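So the chains spell out like this:
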Amino acid sequence: MTLPNRSSRLSGFHHQSPPDRLAAVAAFAGLDAATVGHLADFGNLDPHLADRLIENVIGTMNVPVGIATNLKVDGRDVLVPMATEESSVVAAVCNAARQCYDAGGIVTSMSGPLMIAQVQLVQVRDPHSARVKILEKREEVKAACDACDPVLVSLGFRDLEVRVLDTLGGSMVITHLIVDTRDAMGANAVNSMAERLAPHFEAWTGGKVYLRILSNLADRRVARARAVWPVEAIGGQEVRDGMISAYQFAEADPYRAATHNKGIMNGVSAVVLATGNDTRAVEAGAHAYAARGGRYTSLSRWEVTADGDLAGVLELPMAVGLIGGATKLHPTARACLAILGVGTAEELARVTAAVGLAQNFSALKALATTGIQKGHMALHAQNIALMAGAVGEEVDAVARALVARGEVRVDIAAEELGRLRGRRGE
Ligand code: NAD
């Protein structure tokens with residue numbers, strides 16, 4: 001389809017209502033009536049709320065929410081909602097959790113709910129003196145931080161760190177405000193504190209402040225999960241050793257570690273999204289944490305216990321909240337939090353880490369045994385059948401035929417669909 005060359009300069013677009021914006025976009029892109037009708041259906045998100053959450057709204061993007069079963073976290077059975085478009089992710093968590101359920105499930109802990117805000121000072125003639133001058137002002141810094149957020153006062157400011165950083169632009173004085181943001185992810189709270197303090201830092205040091213923003217490397221907010229999978233529950237010593245070898249590969253090689261950690265984040269991000277939290281913040285924190293030693297490596301650790309069982313440990317920053325952002329506003333996020341039954345951000349972070357560990361277990365097991373494709377194929381085949389135009393009962397029939405042929409491709413799906421319809425005389 002060739003479209004006329006239209007302008008993307010849509011004056012006043014952000015002032016329009018979602019239906020008017022959609023009409024403008026439809027005209028721009030030449031959308032047919034069916035596509036416009038599809039986009040106009042906001043599903044279970046109120047268009048007015050959607051229009052408040054982000055800018056220039058024209059519709060919503062629905063992602064399935066599935067429930068991970070079999071999880072026991074810190075002795076409590078939990079059902080975990082996961083929002084993801086990727087097949088096999090939810091099933092992987094269910095399988096891993098089932099295999100460690102009788103052995104006690106997953107044990108979690110957390111380092112605490114501390115976020116870091118950074119303030120960048122440049123053009124400081126005597127950066128080392130400036131560093132110490134800022135550290136001397138600890139009580140004033142604390143008072144200014146606490147004045148920013150009355151709700152957080154009893155929590156709020158916790159500590160001050162100042163570093164002199166050598167950069168391409170010379171020495172910079174970087175201050176970290178360490179703040180207990182408790183049940184909030186905390187971005188807005190700590191960013192406000194950093195902004196409020198900037199003029200003081202300039203006055204105290206004679207430097208100039210540029211950036212004032214949180215760090216997503218939330219290494220004071222680390223969630224931990226550990227579990228033991230009995231060797232007989234996972235299929236024996238060879239499976240266990242294959243999984244350990246797969247982990248060792250990831251530990252040693254960033255190319256493998258990226259995919260290993262992506263698998264962990266399949267689980268983590270799905271819970272983060274289902275609860276209305278910021279997936280990008282958690283992902284940035286996880287990957288930066290994986291590289292904190294100067295070399296990107298595995299976020300998890302796997303080893304053999306004294307009894308010969310398989311033990312897994314996962315640690316990663318988990319800046320999630322129950323208050324703020326979309327968590328409180330989005331009705332689906334609220335419903336997912338109700339299913340989880342968590343009362344604090346820490347509980348949510350810990351369950352999320354447990355899901356990440358379970359996800360990693362299943363990926364390692366599949367890779368070390370049958371390969372990842374076998375488990376993927378059944379659902380993937382259904383997606384391919386849908387892509388070929390199968391509807392209703394045709395989807396399962398075509399998917400089964402694709403799996404039986406061992407060729408899960410759209411052209412084969414189209415062929416199978418044609419054959420099926422031919423048999424029905426269509
Ligand atoms: P927020 O500012 O909307 O809400 C947090 C506030 O809620 C606190 O400051 C406090 O005043 C109040 N509060 C009430 N009860 C509380 C309790 N029990 N514990 C803690 N706070 C309580 O939300 P936020 O968490 O500061 O911001 C999260 C949003 O910021 C997310 O949408 C995120 O996407 C966005 N964001 C992220 C980044 C980043 O990650 N780099 C940067 C900017 C914004």
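What you see is a predicted model; the values in this text were computed from it and never measured.

A. Structural context of the environment of N188. Tracing the backbone shows N188 in helix α7 (residues 187-205). The class for N188 is exposed, based on a relative accessible area of 62%. Along the chain, N188 and I213 lie 25 residues apart, while their C-alpha atoms are 9.0 Å from each other.

B. Spotlight on the pairing of strand β3 (residues 106-110). Burial of β3 is one-sided: the residues I106, T108 and M110 facing one way are buried, the residues V107 and S109 facing the other way are not. Where β3 and strand β8 (residues 222-229) come together, 5 bridges link them in antiparallel fashion. By the bridge assignment, I106 is partnered in β8 with A227.

C. Spotlight on the packing of aromatic side chains. Scanning the entire structure with this criterion turns up 4 aromatic pairs. For the ring pair F201 and W204, a centre distance of 5.7 Å and an interplane angle of 50° mean the geometry is tilted. Residue F201 and its partner W204 are both found in helix α7; the two are separated by 3 residues, about one turn of the helix. Taking relative accessible area as the criterion, F201 reaches 0% and is therefore assigned buried. The exposure class of W204 is buried, given its relative accessible area of 17%. The structure contains a cluster of three or more aromatic residues connected by ring pairs, namely W229, W302 and F361. Directly above the ring of Y289 sits R292, whose terminal nitrogen or CZ lies 3.7 Å from the centroid.

D. Structural detail: the site of the ligand. Neighbouring the ligand are 20 residues; D149, G186, N188, N216 and D278 lie closest to it. Contact distances for the ligand include 2.6 Å between an oxygen atom and a backbone N or O atom of G186. Contact distances for the ligand include 2.6 Å between an oxygen atom and a side-chain N or O atom of D278. Notes on the ligand: free accessible area 870 Å², of which the protein chains cover 70%. It is α7 that provides the largest number of residues to the shell around the ligand, a total of 4 residues. Here the residues of the shell around the ligand sort into 9 nonpolar, 7 polar and 4 charged.

E. Up close: the packing of helix α6 (residues 138-148) against α7. Contact geometry of α6 with α7 gives a least axis separation of 8 Å together with a crossing angle of 150°. As judged from the angle between their axes, α6 and α7 are roughly antiparallel. When you trace α6 past α7, the crossing you get is right-handed. Side by side, α6 and α7 meet where E140, V141, A144, C145, A147 and C148 of the first sit next to S192, M193, R196, L197, F201 and W204 of the second.

What counts as what
Residues numbered from 1 in each chain as written. Predicted model: local features only at pLDDT ≥ 70, side-chain atom pairs only at ≥ 80, totals over all residues. Heavy atoms only, no water. Helix = DSSP H or I, 4+ residues; strand = E, 2+ residues; numbered from the N terminus. Buried < 20%, exposed > 50% of the residue type's maximum accessible area, 1.4 Å probe, protein only. Pairing = 2+ DSSP bridges. Phe/Tyr/Trp six-rings, centres within 6.5 Å; stacked < 30°, edge-to-face > 60°. Lys NZ or Arg CZ within 6 Å of the ring centre and 35° of its normal. Near = heavy atom within 4 Å. Polar contact = N/O pair within 3.5 Å; in protein donor to acceptor, adjacent residues only side chain to side chain. Areas by Shrake-Rupley, 256 points an atom, 1.4 Å probe, with all protein chains shown as cover. Nonpolar A, V, L, I, M, F, W, Y, C, P; charged D, E, K, R; others polar. Axes fitted to C-alpha atoms, helices over the stretch in contact; angles between N-to-C directions. Parallel < 35°, antiparallel > 145°, perpendicular 65-115°, else oblique. Left-handed = near helix turned anticlockwise from the far one by under 90°. Contact = heavy atoms within 4.5 Å.

Worth remembering: the numbers are spatial, not functional.
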